[in-house]
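# Residue-level structural notes
Chain residues, written in single-letter form:
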Amino acid sequence: MSVVLGRDEAVRESYARDASGLHLVPDAVARPVDVQEVVETVRSAAGSRTPITAAGAQTSTTAASICSRGILLSTRAMSRVLDLDERHGTVRVEPGVLLGDLQQSLASHGLFFAPDPTSQEECTVGGAIACNASGPRTLRYGSTRAHVRALTVVLADGEILEVRRSSLEKNTAGFAPVQDLVDWFIGSEGTLGVIVAAELGLLSRPAREIGLAIPFADEAHALAFVVAARESARVRPRCLEYFDAESFAIARSSAEEPAWAAGAGAMVYAEETSDGEEAPLDEWLALSERFGARDSDVRVFEGDAAIREARRLRHAVPATMHERVAPYLVAGGRRVSTDWAVPWRRAAEAVALARRHADEARIPQGIVYGHLGNGHPHQNFIARSPDEVRTIEAVVERTLRDVISMGGTVAAEHGIGKLKSRWLPLQLSPHQIGLMRAIKAELDPFGLLAPGNIL
Ligand SMILES: Cc1cc2nc3c(=O)[nH]c(=O)nc-3n(C[C@H](O)[C@H](O)[C@H](O)COP(=O)(O)OP(=O)(O)OC[C@H]3O[C@@H](n4cnc5c(N)ncnc54)[C@H](O)[C@@H]3O)c2cc1C
């Protein structure tokens, strides 16, 4: 085999952590530069029944991109944009290209790829597809799944499989789960195959974009505003991101504006676009006022650079929590980060229940922020020791039971990975899990791909 495996301790250690806080050291690291090298690596591993876990930029919060057995296959050396077809609005890329780099290169063509995880500057396209990532603008454009046209995948035995969305308008051949093979791999977290190329659908950039950061007196007013903005016929939000008091404090300090809306207890960041005509700024301000926001507190971000700055403030929240937990990692602490979602009209109710469970267990309230427009907050707790991890996870599990009874999900965008697999049965029936196992057995009979992820 021509792909040299990195077996040095230093090399293996450098791929032993992702954003979950766990530390799992692989037996070896493969860094293929092209499809053929992936095929050779996978084929050789299959021959010796060695497990392989694909990894992109390792920003997974669920330990999906680290492993303690077998080969960690990093796609970072496969980072080329292969073909941009402006006429049809598609781009073909290798899996290791960073999403932020791709967005930058598309911007000069007036195009963009809709999925925008807040980690987009650090994460790869392959990782985003394998997790079905989403982001603030998912509110308008949907998650990654909606924007993947075709994939090239190396299966567990080294076979190359090309899958493409059908352009059929009618199809009754067989059960729905087998009809679109592209969907099998999106969100499969490395368990069904290694994605080696992807064709993505692109959108034209709108003529105007504005962002509004709107402080409110408290959580109740802010969350009621989110529902009103979604229901309004006068504004058309592209995103509705929530910051509770503590996450707003992080955003303020990241903006170096400690005095900004000092009395506010919550903030909502919204984006609006328009093609030609003025963006309806007045409508937004009028709606905000109905929920007690003061015009003088509202920050407006207009144009590309300003919107990027607003996104930096948003990204500061998970990034700061990541930094805050760092001192506790050696002692077995970690950030416990929830990813549940409920139908969006019930988000305020779900947040209140989550807070009540924390109070009842007498643990500090985690911070709550994120994609409330989609009914999808993140609740982040800092656990300083394994004991605190256990206590917090018991609180999270109680919240998840409520979330499921409200028609929600245990994982809306970060995937299941290794950390959340025990919560999957709260949501999926034995039949659904059995069907996933059957698909896994069909494609990867020896269970070599990303063992421990999802199932
Ligand atoms: C600060 C921060 C903010 C975040 N914000 C968001 C957010 O807003 N939205 C969101 O959805 N997520 C978010 N995440 C989670 C994470 O960034 C995303 O899931 C991201 O898409 C993962 O990409 P990655 O390249 O880092 O993948 P990795 O972490 O390397 O891998 C993730 C999973 O994908 C699999 N994988 C990677 N590449 C391939 C491949 N080529 N073929 C097959 N499987 C593969 C891995 O096996 C693993 O299961 C955030 C994380 C952090 C740390």
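Every chain is numbered independently, its residues counted from 1 as its sequence is written. For this predicted model, a pLDDT threshold of at least 70 governs which residues receive local features, and a threshold of 80 or more governs which side-chain atom pairs are given and counted, while totals over whole chains, interfaces and linings are taken from all residues. Side-chain numbers come from the whole structure's heavy atoms, not from hydrogens or water.

Further remarks concern the domain arrangement of the protein. When cut into domains, the protein gives domain 1 (81-164 + 180-204), domain 2 (208-310) and domain 3 (325-417). Using only C-alpha atoms to locate each centre, domain 2 and domain 3 end up separated by 24 Å. Listed by partner, the interface residues are 14 residues for domain 2 and 14 residues for domain 3. Between domain 2 and domain 3 the total buried area reaches about 1,200 Å² when both faces are included, carbon and sulfur atoms providing 57% of it. Residue ranges assigned to each domain were obtained from an automatic or database domain assignment. Working rule for contacts: check all heavy atoms of both residues, and any pair within 4.5 Å makes them a contact. Here the quantity called buried area is the total loss of accessible area, with a 1.4 Å probe, experienced by two parts when brought into contact, counted for both.

Time to look at the site of the ligand. Around the ligand, a shell composed of 36 residues is seen, among which Ala-54, Gly-56, Thr-59, Ser-119 and Thr-124 lie nearest. Polar contacts, as counted here, are pairs of nitrogen or oxygen atoms within 3.5 Å of one another; within protein the pair requires one atom able to donate a hydrogen and one able to accept it, and residues that are adjacent in sequence qualify only if both atoms are side-chain atoms. Separating an oxygen atom of the ligand from a side-chain N or O atom of Ser-119 is a distance of 2.6 Å. Here an oxygen atom of the ligand and a side-chain polar atom of Thr-124 are 2.6 Å apart. What sets the accessible areas is the Shrake-Rupley method with a 1.4 Å probe; for residues, cover comes only from the shown protein chains. The fraction of the free accessible surface of the ligand (970 Å²) that becomes covered by protein chains is 98%. Listed by contribution, the elements that provide at least two residues to the shell around the ligand are strand E2 (52-55), helix H4 (125-131), strand E9 (194-201) and helix H10 (304-325). Here the shell around the ligand takes five residues from H4, the largest share from any one element. Here the residues of the shell around the ligand sort into 15 nonpolar, 19 polar and two charged. What makes a residue near a molecule or strand is one non-hydrogen atom of that residue sitting within 4 Å of it. Only DSSP runs of H or I covering at least 4 residues are called helices, and only runs of E covering at least 2 are called strands; the numbering of each starts at the N terminus. Note on residue classes: Ala, Val, Leu, Ile, Met, Phe, Trp, Tyr, Cys and Pro are nonpolar, Asp, Glu, Lys and Arg are charged, and everything else, Gly too, is polar.

Attention now moves to unusual backbone geometry. In this structure, Arg-49 is a non-glycine residue whose phi angle is positive, near 55 degrees. Structurally, Arg-49 can be placed in the loop between helix H2 (35-47) and E2. Even without a glycine there, the phi angle at Asn-132 is positive, about 50 degrees. With respect to the helices and strands, the residue Asn-132 is situated in the loop between H4 and helix H5 (138-141).

Our next topic: the pairing of strand E7 (residues 148-154). Burial classes: relative accessible area under 20% of the type maximum marks a residue as buried, over 50% as exposed, and values in between as partly exposed (1.4 Å probe, protein chains only). Burial analysis of E7 places six of its seven residues in the buried class, which makes it a mostly covered element. Think of it this way: DSSP has to see at least two bridges between two strands before they count as a pair. Looking at chain direction, E7 and E9 are connected through six bridges and run antiparallel. Paired with Leu-151 across the two strands is Ala-198, which belongs to E9. Looking at chain direction, E7 and strand E8 (residues 160-164) are connected through five bridges and run antiparallel. Across the sheet, the residue bridging to Val-154 is Ile-160, located in E8.

What links the strands of a sheet is backbone hydrogen bonding, and the strands pair in either a parallel or an antiparallel sense. Strand order in this open sheet of five strands is E4-E5-E9-E7-E8, and the pairing throughout is antiparallel. Single-partner strands in this sheet number two, and they are strand E4 (81-85) and E8. Along the sheet, successive strands turn relative to each other by an average axial angle of 10 degrees, direction set aside. Set on the sheet, H2 makes contact with E7, E8 and E9; between it and E9 the angle comes to about 145 degrees. Angles shown run from 0 to 180 degrees and are taken between the N-to-C directions of axes, each axis being a line fitted to C-alpha atoms and, for helices, limited to the stretch in contact.

Another aspect to go through is the packing of helix H7 (residues 219-231) against helix H9 (residues 281-290). Contact pair H7 / H9: the axes reach a minimum separation of 10 Å and the direction vectors enclose 140 degrees. Judged by the angle between their axes, H7 and H9 are oblique. Regarding H7 and H9, the two cross each other, and that crossing is right-handed. Here Phe-225, Ala-228 and Ala-229 of H7 come into contact with H9, specifically with Trp-284, Leu-287 and Ser-288. For the contact of H7 with H9, the per-class residue count stands at five nonpolar, one polar and no charged. Oblique is the label for every angle not falling under 35 degrees (roughly parallel), over 145 degrees (roughly antiparallel), or within 65 to 115 degrees (roughly perpendicular). Whether a crossing is left-handed or right-handed is set by the direction in which the near helix is turned from the far one by less than a right angle, anticlockwise for left-handed and clockwise for right-handed.

Under the convention used throughout, the expected extent of a helix is 1.5 Å for every residue step, that is, one less than its residue count. Between its terminal C-alpha atoms H7 stretches 19 Å, which fits the 18 Å expected from 13 residues at 1.5 Å a residue. Within the span of H7, buried status applies to Glu-219, Ala-222, Leu-223, Phe-225, Val-226, Ala-228 and Ala-229. Elements that come into contact with the buried residues of H7 comprise strand E11 (208-216), strand E12 (239-244), strand E13 (266-274), H9 and helix H11 (347-360). If you check the start of H7, you find a side-chain oxygen 3.3 Å away from the backbone N of Ala-220, and it comes from Asp-218.

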